[in-house]
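Chains, contacts and geometry: an overview
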Amino acid sequence: NDAELVGGALPFAIKLYESRLAAMPAHAGLRLQTGSLYVMYANAFVQAPADMTPRREIETKEFLLARAKNLYLRGRDILFVGLERRNPRLRVQLKERRYKEAMAPFKKEDASLLYWTAAGWVAAFAVNPFDMELGQTLPQTAAMMDRVAELDAGYGRGALDAFFVTYYGSLPAYMGGDAAKAREHFAKAQALAGDSDTSALMALATTVCVNEQNAAEFKKLL
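As a starting point, this report considers the structure included with it.

Conventions we followed
- Residues numbered from 1 in each chain as written.
- Predicted model: local features only at pLDDT ≥ 70, side-chain atom pairs only at ≥ 80, totals over all residues.
- Heavy atoms only, no water.
- Helix = DSSP H or I, 4+ residues; strand = E, 2+ residues; numbered from the N terminus.
- Buried < 20%, exposed > 50% of the residue type's maximum accessible area, 1.4 Å probe, protein only.
- Contact = heavy atoms within 4.5 Å.

What follows deals with the side chain of Thr34. As for its position among the elements, Thr34 is in helix H2 (residues 28-51). With a relative accessible area of 0%, Thr34 lands in the buried category. Beyond its immediate sequence surroundings of up to four residues, Thr34 is in contact with Ile14, Tyr17, Glu18, Leu21 and Ile78.

Written as structure tokens, this is what we have:
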């Protein structure tokens, strides 16, 4: 029940897993654990403090957001290696937008690997939406999450819909962003997760509400 203690201990655990992964790179479970921990740590203990840092401390805020982005991408890259082990042509197929072909080799047991790869990827863009090069790759993450939905429709009890809140809420309209779709997925996430998961609340607040400058709804969601 002491979040600060957990946050202080996690970097040691992450580096321990990563050092073991270096010795056993083919260990699928270890790769999933290492990569997903990077994403979780970045979200809870780097981005969250950044979001709560006031604008008057802009240098600290920007430093934390840059650090969060770096950790998100590190987690994504560790996990992506695991995806490539299942589909060696994945990178090329995604780049060429052959999404169905790229996702076909993945089975239900790969759902978590796909989910955490896409989650880290989109989160990295959400903290820096001016990175257009990264933003242009986000349809690849939607393809991954669509495959997770095909393999396990109830995955994470609303986690898929929470992802799409961030996806549609953080992208600009000309790249596929859509506040209405973000709100639609928000409602679905809330219906599935109830009071057990706050991620959809935070996702809507920090994307759609910020873009719309809706301070009242932002405060209500928080």
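Anyway, onward from the coordinates.
Attention now moves to the side chain of Thr141. Tracing the chain through its elements places Thr141 in helix H8 (residues 138-151). When its relative accessible area of 0% is taken as the criterion, Thr141 is described as buried. Residues within four places of Thr141 in sequence aside, it is in contact with Ala118, Trp121, Val122, Phe163 and Tyr167.

In this section: the environment of Gln136. Among the structural elements, Gln136 can be located in the loop between helix H7 (132-135) and H8. For Gln136, a relative accessible area of 58% puts it in the exposed group. Measuring from C-alpha to C-alpha, the distance between Gln136 and Arg86 comes to 24 Å, with 50 residues separating the pair along the chain.

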